[in-house]
Amino acid sequence: MEIINDITDIELSNTAVTIGNFDGVHVGHQKLIEYMNDIAFKKNLHKVIFTFKHHTSRILDPDKDYCFLMNYDEKIDVLKSFNPDYIMALDFTEDFSRMSYVDFIENILLKKLGCKVLVVGEDFKLGYNGLGNTARLAEICNIHDIILKVIPHSKLYGNTISSTYIRKLIAEGKVDVILDYLGRYYGINGTVVHGKQLGRTIGFPTINLSYEGNLCLPKNGVYVTYTLVFGKWYLSITNIGIKPTVKNDNKVSIESHLIGFDGELYGETVRTAFVKHMRDEKRFGDIRELRQQLIRDVEYALNYNKLFYNCHALW
Ligand SMILES: Cc1cc2nc3c(=O)[nH]c(=O)nc-3n(C[C@H](O)[C@H](O)[C@H](O)COP(=O)(O)O)c2cc1C
Ligand SMILES: Nc1ncnc2c1ncn2[C@@H]1O[C@H](COP(=O)(O)OP(=O)(O)O)[C@@H](O)[C@H]1O
């Protein structure tokens, strides 16, 4: 498996290629990749996942306030699990965005990648101004003997599976439903930073997560989570919010208490996977009342954990 970030000196041959932003690498994306894998196997082609380091919307739609389902490293990690021969992860630049779909097909897919099969989703658009829709792609692929396979959108419970729909579920705090659409629970990677050191004084030390600012955050509230620390998942309770009992700025933080963990975590990289929204964040009369609530939260999480059979989907 090779990751290619620069296409300048690339000369591949006999490839099956799927192209997309693949934000989240959700169940719909996975269908495309699996189709590409199958056809590559049958036709003895190399498997190529073609994506970009950063979402194309940053250039194409810069004013829109997007959040993203994963950062670059996570995307590469998840894509690797589909066992491609190559992951192309290029910079999507202004210049790139001005390339016509014909140039892209002829100069990149044909000349650089030796593409024989192209797999895309039904709403896929390629090249300058999005002119290369599937009908136009079919014409140009036909001219160059590339087999074009257009995969219809996957649906679930009447909803089209899309990164946009998953972002909406996250914003609504419906993190338990996300599993069906994303194929795994939604999680956030971050680094443990110092808080006000109050947690340990009430018997609930917490890790405060510093995370990449453009990741989608579940709506404010308290969640049953699992936190990956030093290669092990811990059941945890996580608050996303402004901590109105102890603070009065509006800065949102992500803070978790790991059940059964004791140790130092400052500076460590951890992953928090959100499995169930359990309550809204509240302003308590004092920190003792908050502590009583945290005891109940732990009990809720322990009960939830007893019936949790989806550990395989945490990452
Ligand atoms: C599971 C959990 C639930 C929490 N719920 C609330 C809440 O409902 N209201 C609130 O003001 N703070 C809440 N907090 C934040 C606490 O106020 C905070 O963890 C505590 O004051 C320690 O802060 P520190 O990490 O800055 O020391 C919660 C924290 C956790 C871990
Ligand atoms: N079970 C646990 N859950 C979370 N953090 C823990 C736990 N046990 C020990 N810690 C450590 O305690 C620190 C948090 O203590 P706390 O008083 O809440 O301080 P802070 O305000 O910096 O979060 C964490 O960063 C971690 O290193």
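Here is a short report on the structure shown in this document. Per chain, the residues get numbers from 1 upward, laid out in the order the sequence is written. The lettering of chains begins at A and the numbering of ligands begins at 1, in the order of writing. With pLDDT at 70 or above as the cut-off, local features in this predicted model cover only qualifying residues; side-chain atom pairs require 80 or more to be listed or tallied, and sums for whole chains, interfaces and linings still use all residues. Computation of side-chain values covers all heavy atoms of the structure but excludes hydrogens and water.

**Re the sheet that holds strand E4 (residues 86-90)**
By the convention used here, strands pair only if DSSP detects at least 2 bridges between them. Secondary structure is summarised from DSSP: a helix means a run of H or I of at least four residues, a strand means a run of E of at least two, and numbering begins at the N terminus for each. Across the sheet, six strands lie side by side as E1-E4-E3-E2-E5-E6; this open sheet has parallel pairing. A strand with exactly one partner marks an edge of an open sheet, and here the two such strands are strand E1 (2-4) and strand E6 (147-151). With direction set aside, neighbouring strand axes in the sheet form an average angle of 20°. With three bridges joining them, E1 and E4 adopt parallel strand pairing. Along E4, the bridge assignment pairs Glu 2 with Tyr 86. Helix H3 (residues 72-80) contacts E1, strand E3 (46-52) and E4 of the sheet and is inclined by roughly 160° relative to E4. Of the strands in this sheet, strand E5 (115-121) and E6 touch helix H6 (residues 134-143), which is tilted by about 160° from E6. Simply put, an axis is a line fit to the C-alpha atoms, just over the touching stretch for a helix, and the angle between two N-to-C directions goes from 0 to 180 degrees. We call two residues in contact when some of their heavy atoms are within 4.5 Å.

**A closer look at the pattern of salt bridges**
Throughout this description, the term salt bridge denotes a Lys or Arg side-chain nitrogen within 4 Å of a carboxyl oxygen of Asp or Glu. One pass over the full model with this rule turns up eleven salt bridges. Its salt-bridge partner being Arg 167, residue Asp 23 comes within 2.8 Å of it at the nearest N-O pair. One end of the pair, Asp 23, is in the loop between strand E2 (15-19) and helix H1 (27-43); the other, Arg 167, is in helix H7 (residues 163-171), and 144 residues separate them in sequence. The class of Asp 23 is buried, set by a relative accessible area of 5%. Between Lys 247 and Asp 249 there is a salt bridge, and its shortest N-O distance comes to 2.7 Å. Burial classes follow relative accessibility: with a 1.4 Å probe on protein chains only, a residue under 20% of its type's maximum area counts as buried, one over 50% as exposed, and anything between as partly exposed. Relative accessible area serves as the criterion here: at 18%, Lys 247 is assigned to the buried category. Residues participating in the shared-partner salt-bridge network are Glu 94, Asp 95 and Arg 98.

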